Structures are given as C-alpha cells and as structure tokens.
Amino acid sequence: MMSLASPVQRSRWSQFWVLTKPRVVQLIVFCAFIGMVMALPGLPTGAQLWRMALACTGIWLVASAAAAFNCLVEKAIDARMKRTAWRPTARGELPDWQALVFLSVLCGLGCWLLWTYINPLTVWLTLATFVGYAVIYTVVLKPLTPQNIVIGGASGAMPPVLGWAAMRGDLAPEAWLMFLIIFLWTPPHFWALALYRMEDYRQSGLPMMPVVRGREATCRQIFIYTVVLLMACLLPVAIGMSGWLYAVLATAFSGVFCLYGWHLMRDYSDALARRTFRWSLWHLSGVFAALLLDHFLRIGGIL
C-alpha cells in the first residue's frame, strides 16, 4: 500500500501539462484575445473569429513553451520553494531532454501556426516575448536584481499587443495602452505574492523585493504602483477608446486594489498579502473584461 507521505506519481502527459503553467497561460491568452477584439471596429465576422481562434492557439503554444522553459531552467530553485517544489522538473520526475523536446515542439508549432495563418509581425513579437520572459527575465534579471519583476514585466505585458498585431498587422497606441496597464499591474501582483512567500524566496536565493528591501518598503511600493495603475486604467477613456461603463468598472476594480495596497502598507499581515494577490488577479481580469463589455455595447449602440 502506498504511504500517505509519498508523492503522487503523475502520468507523463500530466507532467507535461503542469510544465505549461495552464492558469498563467490562460490569463495570457485572455489578454491577447481582448487585444484582438479591441483591434476590430465592429463585431467580428466568421473569418475574423477563425483568425482569432488560430492566433489564440499559436500564442497559447508559444506561451506554454516559455513556461516550460522557465520550469526547466529554474528546477533547482523550484526544488527549494514549497510553492514550486511539486513541479515535475523540480522533483526529477521528468528528464531534462524530454522537457526540452516538449517545449521546442510547442514553440515551433506555435510559430508555424502564426507565420502560416496570421502574419510575420505577430510571429516576431511572440518570439521576442518568449526570449524576454524565458531568457532575459528568467536567466538574467530574476537572479540579478530586486527590480526583476519591473523590468521583466515588459514581456508579460505583451499579450494584448500580440492580439492587436494578429488582427491588424500594426502596432497602434491603443495596443500599447493595454500593454501599459499590464506592465504597471505586474509589480504589485508579484510583490504581494513574494510578501507572504518571503521565506520561500529567501531560501531560493532570489533577490525578490521583500527579501532585499524589506517588507515595509515593498508594501509602500505596492501602494504607489496601485495608485499609478488606477490612473493608467482610465487612459482608455481619455483617448476615446472606451466609455463611461468601462470608466466606472475600471475605477471600482482599481480602487479596491488601491485600498488593499493602503491597508497592506498600514497594517501588514500574510493573510492580507494573500488577499491582495488574489484581488490582483480579479483586477486584471475585471479591467480587461470591462474593456470587452464596453466595446461591444458601444458597437451595438447601447452605450
């Protein structure tokens, strides 16, 4: 009989699936999809919906490859952290060569799909995002500086730009505005996680902000970023990209995020940091869903 303390042996396909960080990639594809919708002046046609499906699939494949590369490169670090020690690369369940072949196939298939059915611009931008996350952030910045999240956040903010490029073949200011929102959202999102996982990061040896600068300084930075983020979230209204419904919803989601940042700075607790991290996920999903809702209602003449 298997001991209750022994790890559950996952199937090989389950191990591959874990490597792709499906929840993270799901949010990436969602933001890319919003970029696609916002790039269209009206309701998508059947052909455009098919193009969206292909573009989302290609982006999902390359993003999954980047996630798998991250797991492979950081397997020793992951093994020292409770949050990530269960990953198959960290536990030694999955040979390195199999992980490498798997992520190479995903990346190659995704790039082929985007090149063949979408456009070269989307391919190059997606590859640049892969390199930015998997190499520049993971290999270079993450172990080097407590500003790793801030600088490396540029690659994580690219999905709506990729989506816009997939549908329009260009890079308009609206796409970069959505990029800015995710770029400013990334530091308070990750730092909230790093706060209540601080011992994990200390053991890993990574110079995350709470470990290097301390809890008080990190909480102060989180609050400042949430305030700046609130202002950035209202820029789509300022340039006529979105209307009053988006303004109301974005203000509500961002205002709550600011309140979390304020309370975190005034009276820290791990439980509050955990709730702040969870709200950050709701915030980004809510703001981008508000963009989508406002866009469709304005197209339909309801707003």
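Residue numbers here run from 1 along each chain, matching the order of that chain's written sequence. Only residues with pLDDT of at least 70 are given local features in this predicted model, and only at 80 or more are side-chain atom pairs given and counted; all residues enter the totals for whole chains, interfaces and linings. Excluding hydrogens and water, the side-chain values take into account all heavy atoms of the structure.

Participant: Could you give an account of the UniProt feature "transmembrane region" (unreviewed entry) in the chain, naming the residues involved and the relevant values?
Facilitator: UniProt positions are given in the numbering used here, feature names are shortened, and annotations may be inferred rather than shown by experiment. On the UniProt side, "transmembrane region" (unreviewed entry) is annotated at positions that read residues 49–73, 94–115, 121–141, 148–169, 175–196, 217–238, 244–265 and 277–297 here. In residues 175–196, helix accounts for 100% and strand for 0%; the two terminal C-alpha atoms are 33 Å from one another. Here a strand is any run of E in DSSP of at least two residues, a helix any run of H or I of at least four, and the numbering for each starts at the N terminus.

Participant: Go over the nonpolar core with me, naming the residues and quoting the values.
Facilitator: Note that soluble globular proteins tend to have their nonpolar side chains buried in a common cluster. Working definition of a nonpolar core: buried Ala, Val, Leu, Ile, Met, Phe, Trp, Tyr and Cys residues. They are joined through side-chain atoms within 4.5 Å. For every residue, the accessible area obtained with a 1.4 Å probe (protein chains only) is divided by the maximum for its type, and the residue is called buried under 20%, exposed over 50%, and partly exposed between those limits. Ranked by internal contacts, the top residues of the largest apolar core, which has 94 residues, are Leu 19, Met 36, Phe 130, Tyr 246 and Phe 288. Each of domain 1 (12–169) and domain 2 (172–302) contributes no fewer than three residues to this core. We call two residues in contact when some of their heavy atoms are within 4.5 Å. Excluding residues that lie within four positions of it along the chain, Tyr 246 makes contacts with Ile 181, Cys 233, Pro 236, Val 237, Thr 251, Val 287, Ala 290, Leu 291 and Asp 294. Throughout the structure description, domain borders are defined by an automatic or database domain assignment.

Participant: Please give an account of the domain arrangement of the chain that cites residues and values.
Facilitator: Examined at the domain level, the chain breaks down into domain 1 (12–169) and domain 2 (172–302). Distance between the C-alpha centres of domain 1 and domain 2: 21 Å. Domain 1 puts 35 residues into the contact, and the matching count from domain 2 is 38 residues. Once two parts are brought into contact, the accessible area they lose, counted with a 1.4 Å probe and summed over both, makes up the buried area. Here domain 1 and domain 2 share an interface that buries about 3200 Å² over both sides, 78% of which is from carbon and sulfur atoms. In terms of surface lost to domain 2, no three residues of domain 1 exceed Met 38, Pro 146 and Ile 149, which account for 19% of the buried area on that side. Distance and chemistry together define a polar contact, namely a pair of N or O atoms within 3.5 Å, with one atom able to donate a hydrogen and the other to accept it when in protein, and with adjacent residues in sequence counting only for side-chain atoms on both sides. Applying the counting rule to domain 1 against domain 2 returns four residue pairs in polar contact (both at pLDDT 80 or more). Counting residues per element, the ones that place at least two in the side of domain 1 that touches domain 2 are α2 (22–38), α8 (148–156) and α9 (159–168).

Participant: Help me get a handle on the packing of aromatic side chains, residues and values and all.
Facilitator: Pairing of aromatic side chains requires ring centres within 6.5 Å, counting the rings of Phe and Tyr and the six-membered ring of Trp. Pairs whose planes differ by under 30 degrees are stacked, by over 60 edge-to-face, and all others tilted. Per the counting criterion, the structure on display carries 13 aromatic pairs. Between Phe 16 and Phe 102 the ring centres are 4.6 Å apart and the planes differ by 20°, which places this aromatic pair in the stacked class. Residue Phe 16 is located in helix α1 (residues 12–19), and its partner Phe 102 is located in helix α6 (residues 96–117); the two are separated by 86 residues in the primary sequence. You can call Phe 16 buried: its relative accessible area is 10%. For Phe 102, a relative accessible area of 16% translates into the label buried. Judged by centre distance (6.3 Å) and plane angle (70°), the rings of Tyr 196 and Phe 277 are edge-to-face. Taken as a pair, Tyr 196 in helix α10 (residues 173–196) and Phe 277 in helix α16 (residues 270–299) lie far apart in primary sequence, 81 residues in all. Across the pair, exposure class does not vary: Tyr 196 and Phe 277 are buried alike. Among the aromatic residues, ring-to-ring pairing joins Trp 13, Phe 16 and Phe 102 into one connected group.

Participant: Which residues make up the pattern of salt bridges, and what values do they have?
Facilitator: Any Lys or Arg side-chain nitrogen found within 4 Å of a carboxyl oxygen on Asp or Glu counts as a salt bridge. As enumerated under the stated definition, the model contains six salt bridges in all. The residue Arg 87 makes a salt bridge to Asp 78 at a minimum N-O spacing of 3.2 Å. The exposure classification of Arg 87 matches that of Asp 78, with both residues buried. Across the pair Arg 220 and Glu 216 runs a salt bridge whose closest N-O atoms are separated by 4.0 Å. Taken together, the residues span about one helical turn, with Arg 220 and Glu 216 both in helix α13 (residues 215–233) at a distance of four residues.

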